[in-house]
Amino acid sequence: MEGIQHEISACLLGEFSIAVDGSTVSGPLTHSKKLRGVAQYLLLHADRPVSHTELYEAFWPGEKSANPRAALKTLMHRLRGALVEGGAPETVQFFVVQQGTYQWNPALRADIDVNEFERLWQELQSGGLRQAQRIARLQRMTALYRGRLLNDTELWMIAPAAYLHGCYLKAVNELCELLFETDRQDEIVTVCRAALRFDELDESLNIRLIHALVATGRTQEAMAQYQHVTELCYDEFGVQVSDELRALYRKIARAEQATELDVDNVRDSLEEKTGPSGAYVCEYGIFQDIYRIEERCLSRYGGRIFLGLLTVTDAYCDQPEQPVLAKAMDQLLTAARTSLRNCDVVARFSPAQYVLLLPTVTYETGQMVLERIRKAFRRLNPRSPVVLSCKLRPLRPAELMETAE
């Protein structure tokens, strides 16, 4: 068959395309979801014939037709015409029909990314490969994965998409372990950053990335990555990051300072590079450290410090829906930061709460501060459906805490 002389390739991972001799011919399929879907289905199951019944049920689920074979025949005719319109030679027969089935033409010498991805995965499962060979295959696997299978937008795609994504994450984690064994930390950073484009809340990937950034001397990037994933957890799902990730952040923050003998250099590194503006906003682990220092100072020097708690709820005292909550929390942080003094401290305590430290205030002035935050919050979004509640309590000196225990 003349068609087998052509070089055919198809991509299904993260994007969809069919190319002949290096030129994409699937462009016209972008205008028809059903044409594109049938082509993708047959490519994904290129290793076997697909029955009329299976194909019809995949694309007309729950529909009854007096003549489903005629509907499929018409669709396949349109599919062939669309590929020719996209530039495919008329002599190339992409799909074959025989004995009540349709199939991607097995006579075509086609490179299909999913097939290569699965072949590499099976080779890795079979064992017997040396470390360098495993690394090479894992690198090829991860390079092939340009995103979830066809963006898993159809019901029939969900199961294979989940399977392939699971294989990808396992490949990434094994690759990182092997790169760690060979002290290739920079490559781990590259691999993890690529993988996080497809699964940015994956905890193991974030932990591996943060460790690799620290190992390559990029501590600030590591801390920025932690802040990024923390905000994503709050904004996308309304949850906190895990205790393991928070403990890792605290460990990095404490170890950040290198040995320095010149006290002036230490002072310079500690000073803010820009002038203070509003309250000091920090991660909750840092807030805990500041709180405990202030607690100890009260024991020795006296004074008054108040702890404030800002909580966002809906009208029924439940946590608002995530899009509403994310917007409200951003606005509340802006209101708190701009309404407080430079010496006040703010941190996110939970998905719907901020905590404040207010030094050198009385209970009355503390209440005035909270009212100022309330008004600023309402000015930012007067139609917000959320309810903001504010509570204030004095810190107890550390020695009182010990007595109470």
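That block above? That's the structure.
Residues numbered from 1 in each chain as written. Predicted model: local features only at pLDDT ≥ 70, side-chain atom pairs only at ≥ 80, totals over all residues. Heavy atoms only, no water.

Engineer: Sorry, what's going on with the overall build of the chain here?
Structural biologist: Counting its regular elements, the chain contains 15 helices and 12 strands. Summed over all atoms, the accessible surface of the chain reaches about 22,200 Å², with 51% contributed by carbon and sulfur. (Helix = DSSP H or I, 4+ residues; strand = E, 2+ residues; numbered from the N terminus. Areas by Shrake-Rupley, 256 points an atom, 1.4 Å probe, with all protein chains shown as cover.)

Engineer: I tried to follow the sheet that holds strand E7 (residues 110-112) on my own but got confused; where do I start?
Structural biologist: In spatial order, the strands read E3-E2-E1-E7; together these four strands make up an open sheet with mixed pairing. Of all the strands in the sheet, just strand E3 (23-24) and E7 have a single pairing partner and so form its edges. Bridging between strand E1 (residues 8-11) and E7 involves three bridges; their strand directions are parallel. From the neighbouring strand, Ala-10 faces E7, where its bridge partner is Ile-112. (Pairing = 2+ DSSP bridges.)

Engineer: I keep staring at the sheet that holds strand E12 (residues 387-394) and nothing clicks. Help me out?
Structural biologist: Remark on secondary structure: sheet strands pair via backbone hydrogen bonds, oriented parallel or antiparallel. Here we have five strands laid out as an open sheet, ordered E8-E10-E11-E9-E12, and mixed in their pairing. Lying at the two open borders of the sheet, with one neighbouring strand each, are strand E8 (280-282) and E12. Ignoring which end each strand starts from, the neighbouring axes of this sheet average 25 degrees apart. Across seven bridges, the pairing between strand E9 (residues 305-313) and strand E11 (residues 353-359) is antiparallel. In the strand pairing of E11, Leu-309 is matched with Val-355. Contacting E8, E9, strand E10 (345-350), E11 and E12, helix H13 (residues 322-339) crosses the sheet at an angle of about 155 degrees to E9. (Axes fitted to C-alpha atoms, helices over the stretch in contact; angles between N-to-C directions. Contact = heavy atoms within 4.5 Å.)

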